[in-house]
Amino acid sequence: RLLDRLTGLNIDPTTKVPLFELMVSHFLGVDHVGHTYGPNNPHMERKLQQMDSMLSSTLDRIDNAPEKSCIVAFVLGDHGMTEDGNHGGGTSEEVNAGLF
């Protein structure tokens, strides 16, 4: 897993506490699949399952971090999408995005 490898490089081996103060991850796969196939295609379902798995793994690592770790996770989408895979307009499908 790429995220494991990237964050694993920044863990203090003695305390097991992350050495980074900020990590930003932007995954383009969902956007690409949406533009290519639209939001209600089986390809999107598979991509969202992949992202769910990655997010679940990341949040599990945060939950299991040592007590002295101070970690906050913000998960959000940058835009919505129309039924045909477009965005950039002002419809509610385009301007509403997920925030967790």
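These figures come from a predicted structure and were not determined experimentally.

## Examining helix H3 (residues 42–63)
The α-helix advances 3.6 residues per turn, and as a result positions three or four apart in sequence lie on the same side.
Part 1: For H3, which comprises 22 residues, the first-to-last C-alpha distance of 31 Å matches the rise-based estimate of 32 Å (1.5 Å per residue) to within 8%.
Part 2: Among all positions of H3, only Met44, Lys47, Met51, Met54 and Thr58 are buried. Around the axis of H3, the buried residues are gathered within 95° of arc, so they sit on the same side. Turned more than 90 degrees away from the buried face of H3 sit Glu45, Asp52 and Asp63, all of them exposed.
Part 3: Where H3 begins, the capping side chain belongs to Asn41, and its oxygen is found 2.7 Å from the backbone nitrogen of His43.

## Regarding the side chain of Lys47
Part 1: Mapped onto the elements of the fold, Lys47 is located in helix H3.
Part 2: It turns out Lys47 is buried and unbridged, and the closest side chain with the opposite charge, Asp52, is 12 Å from it.
Part 3: What Lys47 contacts, discounting residues up to four positions off in sequence, is Gly29, Val30 and Val33.

Parameters and conventions
- Residues numbered from 1 in each chain as written.
- Predicted model: local features only at pLDDT ≥ 70, side-chain atom pairs only at ≥ 80, totals over all residues.
- Heavy atoms only, no water.
- Helix = DSSP H or I, 4+ residues; strand = E, 2+ residues; numbered from the N terminus.
- Expected span 1.5 Å × (residues − 1).
- Buried < 20%, exposed > 50% of the residue type's maximum accessible area, 1.4 Å probe, protein only.
- Arc of directions from axis to C-beta.
- Polar contact = N/O pair within 3.5 Å; in protein donor to acceptor, adjacent residues only side chain to side chain.
- Lys, Arg positive; Asp, Glu negative; His and termini not counted.
- Salt bridge = Lys/Arg side-chain N within 4 Å of Asp/Glu carboxyl O.
- Contact = heavy atoms within 4.5 Å.

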